[in-house]
Structure formats: structure tokens, C-alpha cells
Amino acid sequence: MAAASNAEPTHLQDMEEDDAEMDEQEMDSESDGEEGMGEDNSDDEEDETSEDEKENEAEIQRLEEQLSINAFDYNCHVDLIKLLKHEGELLRLRKARQKMSELFPLTEEIWLDWLKDEIRLTEEEPNREKVNELFEKAIKDYICPDIWLEYAQYSIGGMGSPGGIERVRSVFERAITAVGIHMTKGQTVWEAYREFENAILATVQPPPGKIPSHDEQELLNKQLQRIHTLFRRQLAIPLMDMEATYAEYEEWSDHGPPDEMLHQYKTALQQREKYKPFEESLLVAETPKLAEYQAYIDFEMKLGDPARIQMTFERTLAENCLVPDMWIKYTTYLDRQLKIKDLVLSTHDRAVRNCPWTMTLWKSYLQAVERHGGTHPTVSDLFEKALNAGFIQARDYVEIWQVYLDYLRRRVDFSQESSKELEELRGSFARCLDYMKQDVEERFGESGDPSCNIMQIWARIEALHCKNMQKARELWDSIMTKGNAKYANMWLEYYNLERAYGDSVHCRKALHRAVQCTSDYPEHVCEVLLTFERVEGSLEDWDVAVQKTETRLNRVNEQRAKVAEKEAIQAQHEEEQFEQRRKARADKRTQKKVPKRGRFVEKRKAEHGLGQEEWTDHAAQAPKRHRGNGEPSKEEHIKTLKLDVCEMTAPPGYKGSTGPGYNKAQQASGQKQSNDNTEFRNDDNSVFVSNLSYTLEDPEAKLRTLFETCGSIKQIRLISTNKGTFKGYGYVQFENCESVSEALKLDRREVEDRPMFVSPCVDKNKNPDFKVFKYNTSMEKHKIFIQGLPFSCTKEQLEVISNNHGTIKEVRLVTFRSGKPKGLAYVEFANEAQASQAVLKMDGMCIDGNKISVAISNPPRRNTSKPGPSQPTTNLTPQHLHGARGRGRTQLSLLPRSLNRQSGPASKVENGTASKEGSGDAKPLSNADFAKMLLKK
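In what follows, the accompanying structure is described. This structure is a prediction, so every number in the text was calculated from the model and none was measured. (Residues numbered from 1 in each chain as written. Predicted model: local features only at pLDDT ≥ 70, side-chain atom pairs only at ≥ 80, totals over all residues. Heavy atoms only, no water.)

## Re the overall build of the protein
For the protein, the count of helices and strands is 33 helices and 13 strands. When burial is assessed residue by residue, the protein has 34% of its 937 residues classed as buried. For the protein, long-range pairs separated by at least 24 residues make up 60% of all intrachain contacts whose partners lie at least 6 apart in sequence. Entry remark: accessible area of the protein is about 58600 Å², with carbon and sulfur atoms responsible for 50%. (Helix = DSSP H or I, 4+ residues; strand = E, 2+ residues; numbered from the N terminus. Buried < 20%, exposed > 50% of the residue type's maximum accessible area, 1.4 Å probe, protein only. Contact = heavy atoms within 4.5 Å. Areas by Shrake-Rupley, 256 points an atom, 1.4 Å probe, with all protein chains shown as cover.)

## Side note on a nonpolar patch on the surface
There is a patch of nonpolar side chains on the surface, built from Leu-322, Trp-357 and Ile-392 and spanning about 320 Å² of accessible area. One can find Leu-322 in the loop between helix H13 (306–319) and helix H14 (324–338). According to the relative accessible area criterion, Leu-322 is exposed, its value standing at 54%. (Patch = residues over 30% accessible without salt bridge, like charges linked within 9 Å, V, L, I, M, F, W, Y side chains within 5 Å. Salt bridge = Lys/Arg side-chain N within 4 Å of Asp/Glu carboxyl O.)

## A word on helix H22 (residues 488–501)
End to end, H22 covers 20 Å across 14 residues, agreeing with the expected 20 Å (1.5 Å per residue, within 8%). For H22, every residue scored as buried is listed here: Ala-488, Met-490, Trp-491, Leu-492, Tyr-494, Tyr-495, Leu-497 and Glu-498. Against the buried residues of H22 lie helix H20 (453–464), helix H21 (469–484), helix H23 (504–517) and helix H24 (522–536). (Expected span 1.5 Å × (residues − 1).)

## Digging into the packing of helix H5 (residues 128–141) against helix H6 (residues 145–156)
At their nearest, the axes of H5 and H6 sit 10 Å apart, and the two run at 160 degrees to each other. When the axis of H5 is compared with that of H6, the two are roughly antiparallel. For the pair H5 and H6, the crossing hand works out as left-handed. Counted together, Arg-128, Val-131, Asn-132, Phe-135, Glu-136, Ala-138 and Ile-139 of H5 and Ile-147, Trp-148, Glu-150, Tyr-151, Tyr-154 and Ser-155 of H6 form the full contact between these two elements. (Axes fitted to C-alpha atoms, helices over the stretch in contact; angles between N-to-C directions. Parallel < 35°, antiparallel > 145°, perpendicular 65-115°, else oblique. Left-handed = near helix turned anticlockwise from the far one by under 90°.)

## Focus on the side chain of Asp-449
Counting through the fold element by element, Asp-449 comes out in the loop between helix H19 (420–444) and H20. Other than its neighbours up to four places away in sequence, Asp-449 contacts Arg-395, Val-398 and Ile-454.

## Notes on unusual backbone geometry
Note: most residues except glycine have negative phi, and most peptide bonds are trans. With an omega of 15 degrees, the peptide bond between Thr-287 and Pro-288 qualifies as cis. Tracing the backbone through its elements, the reader meets Pro-288 in the loop between helix H11 (259–284) and helix H12 (290–303). A positive phi angle is found at Lys-339, which is not glycine, with a value near 60 degrees. With respect to the helices, strands and loops of the structure, Lys-339 is situated in the loop between H14 and helix H15 (341–354). Notably, Asp-698 is not glycine yet its phi reads approximately 50 degrees, a positive angle. Locating Asp-698 in the fold gives a position in the loop between strand S1 (686–690) and helix H29 (699–707). For Asp-698, a relative accessible area of 52% corresponds to the exposed category.

## Quick word on the nonpolar core
By size, the foremost hydrophobic cluster in this structure holds 82 residues, and its most contacted members are Trp-362, Phe-391, Ile-400, Trp-401, Leu-425 and Trp-476. In terms of residues, this core owes the most to one element, helix H18 (residues 394–411), which gives 10 residues. Non-local contacts of Trp-401, meaning those with residues more than four positions away in its chain, are made with Phe-383, Leu-387, Ser-428, Arg-431, Cys-432, Tyr-435, Met-436 and Ile-454. Of all hydrophobic cores here, the second largest spans 63 residues; its members include Leu-134, Leu-220, Tyr-265 and Met-311. (Core = buried A, V, L, I, M, F, W, Y, C linked by side-chain atoms within 4.5 Å.)

## Observations regarding the packing of aromatic side chains
Considering all chains together, one arrives at 31 aromatic pairs under this definition. With 5.0 Å between their ring centres and 55 degrees between their planes, Phe-231 and Tyr-249 make a pair best called tilted. On the criterion of sequence distance, the pair formed by Phe-231 in helix H9 (residues 214–235) and Tyr-249 in helix H10 (residues 242–252) is long-range, its members being 18 residues apart. What makes Tyr-249 buried here is its relative accessible area of 1%. Counting every residue linked through ring pairs, the aromatic cluster contains Phe-383, Phe-391, Tyr-397, Trp-401, Tyr-404, Tyr-407, Tyr-435 and Phe-444. One cation-aromatic arrangement involves Arg-128 over Tyr-154; the distance from NZ or CZ to the ring centre is 4.0 Å. Sitting over the face of the ring of Phe-816, Lys-822 holds its NZ or CZ atom 5.0 Å from the ring centroid. (Phe/Tyr/Trp six-rings, centres within 6.5 Å; stacked < 30°, edge-to-face > 60°. Lys NZ or Arg CZ within 6 Å of the ring centre and 35° of its normal.)

## Observations regarding the side chain of Arg-552
Counting through the fold element by element, Arg-552 comes out in helix H25 (residues 539–608). Of the buried charged residues, Arg-552 lacks a salt bridge, with Asp-520 as the closest side chain of opposite charge at 8.2 Å. At 3.1 Å, the side chain of Arg-552 forms a polar contact with the backbone oxygen of Val-515. In terms of polar contacts, Arg-552 uses its side chain to reach the backbone carbonyl oxygen of Thr-518, at 2.7 Å. Those residues in contact with Arg-552 that sit more than four places away from it in its chain are Val-515, Gln-516, Cys-517, Thr-518 and Ser-519. (Lys, Arg positive; Asp, Glu negative; His and termini not counted. Polar contact = N/O pair within 3.5 Å; in protein donor to acceptor, adjacent residues only side chain to side chain.)

## So, the sheet that holds strand S11 (residues 853–857)
Think of a sheet as strands paired side by side through backbone hydrogen bonds, with each pair either parallel or antiparallel. Spatial strand order, S7-S8-S6-S11: four strands in an open sheet with antiparallel pairing. Looking at strand neighbours, the two that pair on one side only are strand S7 (808–815) and S11, the edges of this open sheet. Going from strand to strand, the sheet's axes swing by 25 degrees on average, the running direction of each strand aside. Docked against the sheet, helix H31 (residues 795–802) engages strand S6 (780–787), S7 and strand S8 (821–829), running at close to 135 degrees with respect to S7. Contacts from helix H32 (residues 832–842) reach S6, S8 and S11 within the one sheet, and its direction differs from that of S6 by about 25 degrees. (Pairing = 2+ DSSP bridges.)

Structure follows, in C-alpha cells:
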């Protein structure tokens, strides 16, 4: 048994070895086959590779040519860098990155890729300085913990050089100063710093059993103190994972944390609880998280910690670097609160590099450089860069010129009659006017300065500081020739300048010219002239002024009368056209209805085979059925004729109520609806639901699910066609009237991609003036109206865009009845100031390629006018009431035509007067009326 048991494994082992040899042979044969195939396909692979390389090289050349034309194409830079990295063109890749970094701040991802590539390329010691310079440039673009961590780890590689350890500590200290308070990523920098110090501690710690010398013990204690200080500093800052750090310190320390450190730790924990909701909202929010960051910034601004405010702004801009409003808020805070020169100027520089099209950023940058003592060449170079930034409005160029001219004016010492600075100021004013005329007007079709504010400022400087009224008058002559002579305020501005720095002769000339040219407020200019002559003029001057003002005002009044008459004629003409169109539409509707009923009657006559004789016989026989002691009334006679018509034999093929095609379900539904309407209907407890889809599956169950949250439902009445098809509307009746107010809140709720309309249930016959319109029709100064939105724009996206300009109360997208967007929206703000600010900031903004227009909400008035005594009615046919559904198809009019009232204008004359169109029965004239007519004649 033992021998057998020993032999069996040997046999199995031999079999396994044989299988292994066979597998090796098969693998060899397969590899030989693969090698053969590889030899056959190597040429094809080389051809494909060469073709790909050619295509990539062509694409690289195309991108480089495009950048040579437009160096500010951000996406083109990114595509070129990606393609060069894929091709392994390291030298060209380095140049492409350098060109992009000169124009734009690079994102964290681009910087990390660049730094890692440069680290691999510069493994030798002499090249470490270049990488350090690159790191220094990277940390200035954005405050990113990952870049600082990479910088610290790279510096550790050079700690063996003289002064290397202190250099590493310097980088770590700068890193924790910059990003150490980052709630989510700051802890990694602290941990890396402690690991570095622990590694040094291991080198200075003596081996076990060896007694350290005095110097060694002192060095050891100093290193332990460094690590203890790092723990204490970190635990005093609110970070997300503080508990793990505290547990690590308890394990590391022999004596446990001191009381002061424990107090700081608990205080930091309490502070973290305040920040935690904001951090959690950022974790779950989707990019760009602008609303969440804005709430975080507002909270930090209330607390007032400058370091935390700066960190929150930096975190926000790292993900929203192309939002100009956020840069404006950040730079404004730095200018007014921190006022640290290096921080302020570097942030302004990053702002204009990210959003060069925003004039406000360039404006604040120029003022910041002047405020912090920048040199004149620095300010001038910055201004030239601003002119080449490519602003989107002509007004932007006017404002940036005004900022620069203000700066130049502050440099001039006007106590000297002539100086280099004054000549430069005058030359800049002249250059500005030429720039507006040649560059701005050609590009935008307007100067951007219709009131000539720049020329007005120049004239005031010449008059006030230089005492050169001749130059000031020349400038004002030029201002008036640019279309400003018709405005009274421009003439009064010039008159005030002459009053302050000129003489009475030129004041009088200016006012006389103003009287002749002003067209907007001539009365005011005339009054100013007369007041001037009362104070300074002679009698002759007074007479001339009175004559000129009277002549001018008479001419103005004549022109106004002509314009008013023309407007009245135009309004009357438009009203007549409107009445004609309305009458034509009414006649068209009448022509559609009347012949249709006539054709229907003829058709019914033909189907029943009733000739004139048969109708006469029926009419003769019908009264006999009701004759008794007296003749039947007229109503009984008409009723009898109607009954006879209904009792006639149905024509062949007609499906009556008992025919084979009769739908019993329709009959039951009709009976149920009739019963509901008569017995259980209560409009006070009901709402009217409309705009539902005709193809809605099981609409009653759908409505019951939607409205059961509002209260107990008594019944749901759906309106259907004769064929049983749902018409898309119905009624929902509740047990209590309190449920109606809750149901009305579901108005505009989407049901299968269509807005459902919910309105009060009101009988229009009893309340003909009742109107349901949810929104205002007058100007709403706290609400803005947006046009041109892309159809893909959602309510949430519009809320994010509008939140930057104020507190949003409601956002409403306007849709068709089908639920499809119209590209319109209303946004309601907390107050009028926020709405006005939103109009200024959002008007002309591009959203998904669509340029929107924004204005204060001023919807047109709804036409609620009704025909009255002063308004002729369009339809002169007497209105008859036929119930809620109008005239039925089978309700035939059996009155003779001679008894029907004519619908056209009356042609007869009653009592000497013709009945007026649109009036009712003509009122007979009395003897007193005839006497008045004779007296008139």
C-alpha cells in the first residue's frame, strides 16, 4: 500500500511534465507563427505609423500658424500642447508651454504636467535651478496645494547640497503659509512637512544603548521641539481630518498634549463645525460651484479673517478663473482691506491675464499701480496693453482713456506755465480723440462718447488750470458740431464754464446760440437768457432777448402743434385700420358659421326626403295634436314642430342611440357627466385643469395622483369628444374649499413635458368680467426680462448666472403650451437696485453661443376693452343665448325669415332719423325733439 501510494504521485508528476513539454512546444510553434505574421505585417504597421505622424505634423503646423495670427486663442494653445506631448516633441513642447504661460495663467493640470516633464529632463544637479524657477512661476498663477506639495518634494531631492535642508524648510514654511489653512487639502502639506522632519530626526537620533554627547542631545532636543511645534501649529487650524492628527500626536508624544495645545485644538474643532456645511456643499455640488463658493465668501467676509477670506477667494478662482465679477470682488477686497503691495499687484495681474476683455479689471489695475507708487513707464506700458486687450464695447475704451488721462493730469504741476508733463497730457488728449475717431468708430460704428465727456474735461482743465479760455472755446465749438447743439444741458454746461472762467460777452453769445439751436427744452434756455439779462444786461439787451425768445417759442409751439396734429391723424388712421381688421375677422367668422348651418339643414332635409309639401303637412298636422278648447301657444307650436322632426324615420345607414354602432360606454359616461353636473357640481370647491396632452394615459388617475396632496377629492370630471377622446381639460372637485388654494399652487406644473394650467372654476355667464392672469402687466422694477436664451438653458443654469448680481426670489422660463421653451425668461430680484445692476451686467452676455438682451420687466398691457358706447361693435348680429355650449346642431330655426332682424345697417328712416349702426332699437323722437330740429334749420 505504501509503495503504491508513493508510485502514484511519481506517475502524476511524469504526466504533468509531459503536458508541460507539450505546452512549451505549442507555445514555441505559436510564437514562431506570430513572428512570421509579425514579419508579414511589419510593413503595414510602419506605413500606418508614418501616416499618423504625417497627419499629426500637419495638424501641429496648422495650430502654429493659427497662433501666429491670433496669439490669444486659448483653446488652440491647449490643443497644440496636447498634440506635442503625444508626439514626444519635448523641445517644441517646452516652447509652446512658455508662449502660453506668457499670455495666460496656466491651470493646475497644465503646470503639473510641465513640471513633471522638466524634472525628468533635468536629472542632473546643475539644472535644478531652472526647475526651481519654473516652480516659482507656477505658484504665482494660482494657490494650489498640489503644486506646493510637488515643489516641496522636489526640493527634498536636493537636501544633500550645502544649505539644502534649510532650503527645504523654507519651501515648506512658504507652502503652509500659502495653503496650510486649506480645509480639505492643507493637511497633506502639513503631513509631508512632519515626515521630512521625522526623517531628519532619525538621522540625529543615536543608536540604542549609546549615550549621546551634549551636542548630540541638544541637536536631538531641538529636532523634537520642531516636530512638536508642527503638531501644535497644525492642530490650532480647523481642518477636515483633525482627529487623526490629534491621535497621531498622542501616540508620538510621551507626555501627552499640554493644556494650552488641547484648548487650541478644541477651539479649532468648534470653528470647523461652522465651516463644515460649506465644505460639504462644495463636495456634492457640480462644477463650477459658483453659488456655493459665493455663499462661502459671504460667510468669511462676515467673520473678517483676512487669511481665510483670501484662501476662499483663491479656491473659488481656481475653478472659476474666467468669471470677471469674482476677480472684481477679490481685487476690490485687496485694494480696500489688505493693501499689501505685492499681493495686490500680483492679483491684479492674474485678473487681467485671465479676463483681458473686462475693462473694469484694467481700470482698477492702473489705479492700483499708481496707488502703490508705480513708475510712469510701468503705468504707460500697462495702459498700452489695455488698449490691445480687445474690449467688447466702445464705451470701455472711453473709460480706460479717462482713467489714464486722470493719471496724467495728477502728474502735472500747473504752477509752471509749461512742463513736460503738461505737454504729454495735451498730446494724450489729442491722441485719445484721434483714437476714438479712427479706431473705435470704425470698429463699433460709434464713438462711445456721444456727450464728448473727454473733450469737456479737457476744456475744463484748459480753463481752470491753464487759464486758456481760447482753447476751451475751440473745444466746445467742436463739441457742438458733433450733434450736441440741440441739447439744452450742453449749452448750459458751456454757459457755466464761461460764467466761471470767461466773460459776459461770451456768456451772452452762448445763450443766444442756445435759444436758436435747442430743441428739447427751449423754454428753460429762454428763461436762463432772460435771467442773465435781468442781472447784467442793458435795456437794449433785454429787448433783443425778449424778441428772440418770443420768436423762438412761437416757432416751437407751431412745430409742436403740427406734430400733435400729425400724430392724431396717424392714431386715427391706425384706429380705423384696426377696426376694419377686427370687422373683417368678425365677418369672416360669421360667414363660416351661417352657411355651415344652412348646408347642414339642407343635408338633413335631403336625408329624410322631406319636400316642401311634407314640411307643410307636418306643420298643418302638428297643431291638431294639441288642440282642445283653445288654440296652442306659439311656443307649443314650435316645440311640436321640433318633436315631429325628432320623431321622423331615420334615413338608411343612420346610427341612432339604439343602433348596432352605439357605444354603451359613451352613454354611461354621458349620463355620469350629466349627473355630476346637475347633482354634485360645486364651483367653489373646484378647479379647472387644462393644457394636458390629448394622448395622456389614464388622465383621471394621473390627476388624482397630482391633486390628492391638496385635499380629499370628491370627483374628477374629464371633458371628452363624442367619440370618447380626451380633450385635454377637465375639472377637479374637492370636498372642502380650502383645498382649492393648494391646488392653484400646482399651476404650470409639468405633466409629461407640458405645463399644466390650473385656474379657479368660475361660471363665465355669471361673471363675464372674470379674468385669470397670474402675472403683472405693468412695469416691475425689481424684475428683469431676458430674451435670446438658448432653448437648452435650464432654470438652474439661469439661477447660477443671476446669483452673481443679487438675491434671486424667482426665476420663470416662458414656454409654449406644449412646454417647449420660447427663449424668454423673467428673473425677480430682492430690490430694484439689484435688478438694475443685473441689467447692466447681463445685457449682451453670451450663454451657450447666444447673445442675450436684458431689460427691466415692462410687459404690454392686455387688451381687456369691451365694446361700449364709444366703441362700435364689430359684429352687429343680435346675440342670442343658447346655453353654455352655444347653438346645438339640431336646433333648427323655424321662424320665418321676415321675422328675423336684419344684421346689416338699417336703411329705413323712423321718425325722421336713421338708426345708427351698432345701436339697438331706434328711440322714437318726441315733439320737443322735432322742435329742436326745426329751430336748428
